[in-house]
Amino acid sequence: MAGSGRGRSRTAAAVAAAVAAVLLGLAGCTGGWSPGGAGGSGAGGLGDPYFPSYGNTGYQVDHYLLQVSYDPASKQLTGTATIEATATVDLSGFSLDLTGLTVRSVTVDGAAATVERGDEKLVVTPAEPVPDGVGFTAVVGYDGDPEPVHSSSLGSNGFQHSDGGAFAIGQPRSASTWFPVNDHPLDKATYTIEATVPEGLAAVSNGVPEGRSAGPAGSTTWRWSEDAEMASYLATLVIGDYRVHESEHRGKPLVTAVHADLSVQVDRQLAASGRIADVLEEWFGPYPFDAYGGIALADQRVGFALETQSRPVYGPSFFAGGRDGTGVIVHELAHQWFGNSVSVRGWNELWLNEGFATYAEWLYEERDGGDTAQETFDLYWDGPGAEDRFWSPATGDPGPAQLFSHAVYVRGAMTLHALRRTVGDDTFFQILRDWATEMAGGNAGSADLVALSERVAGRDLGGLFDQWLYRIDRPAYPGAAG
Ligand SMILES: [Zn+2]
């Protein structure tokens, strides 16, 4: 994710102002670890350190087939979710995350199941228990007027009606506002998304376009498939009056969608997504997904961009008045490696997404003839870094209220630059490539990065990471390789 306060040119004054704005919100909150959910049949969550109620235990989803229709006039969403999963315990029952909406029917392997609605959970008891290790298929029919979830620190996330259409985006959760889901990055799955909307409107989602067809009563069904494992918060659906361009980049589909109210200049900026991804490949290794693209919203309520898999969604401010959106495109595309292909184990380690994406911006700016990454690091170090409060909260454990703070973004990038200065350029970029390659498609945490870095560098780096990730005092200026 990226906030709209980001810009490409980084004067010391701009850096100081941006960080000062963030610092005003310091809360010093910390998240306590909550062990596990309520077993294979409970309505408890996966035990995320910050959001313990998110997600569910007892099964892993392999694939979601989402068939939804949406009518902007009535704001009604009607859906059928076919969830192919595998039990990870002997499963007498299980829960799915679902907020709002009305469940009309649930079957498990074709037999009607018993259903209860808990707090943001749909609790399902199959007619027959599912043994550990056995696959099963749950089909949920549902409908209603979807609503986003709100949080004072995280804003509005999820499905929102907008200008004769709708969009579904949000972090750390969004999916449960429009389909039943195991809503945590630890349960990644592949997706097929079929969205039926009134003729003339677009319905754009993740992955490879699988065509569109005329449906009943003047409707059109748009089909998308994401064949790489995807964390649920990275699923998106954008419906409305959009200019959709389908082309190819290096043999893969490149799809951009720009709201009709935005300038065609935005179409040109998003068309550069493939070329920008090629530059990132030079640093991070092969682009991890089967499609490229981007979606630009016109809704002024969206003051951020989100790295929805293979097709990030951008709020309008990044391109307003002819503004150059290259920086934010670099950021969201870097997430395709860091965050999307390699996903966090828990939301406390978000710096593994945001620090890397922010550092990609620094690298790209240097390549474009702007400030070097070293100069950007020094601007922060000498500017806001001279103040104690810049060094709190901890980058590796910022607390849920500071999840999207400078500690995670800027200091996450500074942590990587400190690593680079410590191990040297060749070793550093080898670490980046090995991280993206070895962890591809899975989940990884800070401890994994420390271990991988130590292996590649052939030296102890525990003290360095401990200082930069978990201490809240100013580190020593990172030394040259030696
Ligand atoms: Zn981001």
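Here is a short report on the structure shown in this document. The structure displayed is predicted, hence computed values, not measured ones.

Once that is clear, we can look at the nonpolar core. Generally speaking, soluble globular proteins have nonpolar side chains that are buried together. Grouped together as the largest cluster of nonpolar side chains are 143 residues, with contacts concentrated most on Phe136, Trp178, Phe179, Tyr191, Phe284, Met414 and Trp435. No other element matches the 9 residues that helix α5 (residues 351–367) contributes to this core. When neighbours within four sequence positions are excluded, Phe284 is seen to be in contact with Ala334, Trp337, Phe338, Ala360, Leu363, Leu432, Arg433 and Ala436.

If you check helix α3 (residues 273–284), its first and last C-alpha atoms are 16 Å apart, about what 12 residues at 1.5 Å a residue would give, namely 16 Å. For α3, the full list of buried residues reads Ser273, Gly274, Ile276, Ala277, Val279, Leu280, Trp283 and Phe284.

What describes two packed helices is the angle between their axes and the distance between those same axes. For the pair α5 and helix α8 (residues 425–438), the least separation of the axes is 14 Å and the interaxial angle reads 130°. Our classification of the angle between α5 and α8 gives oblique. Our pair here, α5 against α8, has a crossing hand that is left-handed. From α5, Leu352, Phe356, Tyr359 and Leu363 reach across to α8, where they touch Phe428, Phe429, Leu432 and Trp435. Split by residue class, the contact of α5 with α8 holds 8 nonpolar, no polar and no charged.

Moving on: the pairing of strand β9 (residues 135–144). Along any regular strand, the residues point their side chains to alternate faces of the sheet. Most of β9 sits inside the fold, with 7 of its 10 residues counted as buried. Examined bridge by bridge, strand β3 (residues 76–87) and β9 share 10 bridges and lie antiparallel to one another. Following the sheet pairing, Ala85 is matched in β9 by Phe136. Bridge analysis of strand β5 (residues 102–108) against β9 gives 6 bridges, and the strand direction is antiparallel. Within the sheet, the bridge partner assigned to Val108 lies in β9 and is Ala138.

Bound to the zinc ion are the protein donor atoms Met1 (N), Met1 (O), His331 (NE2), His335 (NE2) and Glu354 (OE), situated 2.0 to 2.3 Å from the metal. Taken in chain order, the donor set of the zinc ion reads M-x329-H-x3-H-x18-E. Here His335, found in helix α4 (residues 326–337), pairs with Glu354, found in helix α5; they are 19 residues apart in sequence, far enough to count as distant. As far as burial versus exposure is concerned, His335 and Glu354 are alike and both buried.

On to the packing of aromatic side chains, then. Evaluation of the coordinates by the stated rule reveals 32 aromatic pairs. Here the aromatic rings of Trp178 and Phe179 are separated by 4.7 Å at their centres, their planes lie at 85°, and the arrangement is edge-to-face. In this structure, Trp178 and Phe179 share a single accessibility class: buried. Through successive ring pairs, a cluster of aromatic residues spans Trp283, Phe284, Tyr287, Phe289, Tyr292, Trp337, Phe338, Trp351 and Phe356.

So, how was this worked out
Residues numbered from 1 in each chain as written. Predicted model: local features only at pLDDT ≥ 70, side-chain atom pairs only at ≥ 80, totals over all residues. Heavy atoms only, no water. Core = buried A, V, L, I, M, F, W, Y, C linked by side-chain atoms within 4.5 Å. Buried < 20%, exposed > 50% of the residue type's maximum accessible area, 1.4 Å probe, protein only. Helix = DSSP H or I, 4+ residues; strand = E, 2+ residues; numbered from the N terminus. Contact = heavy atoms within 4.5 Å. Expected span 1.5 Å × (residues − 1). Axes fitted to C-alpha atoms, helices over the stretch in contact; angles between N-to-C directions. Parallel < 35°, antiparallel > 145°, perpendicular 65-115°, else oblique. Left-handed = near helix turned anticlockwise from the far one by under 90°. Nonpolar A, V, L, I, M, F, W, Y, C, P; charged D, E, K, R; others polar. Pairing = 2+ DSSP bridges. Donors = N, O, S within 2.8 Å, 3.2 Å for Na, K, Ca; no water. Phe/Tyr/Trp six-rings, centres within 6.5 Å; stacked < 30°, edge-to-face > 60°.

Function cannot be read off these values alone, since they describe shape.
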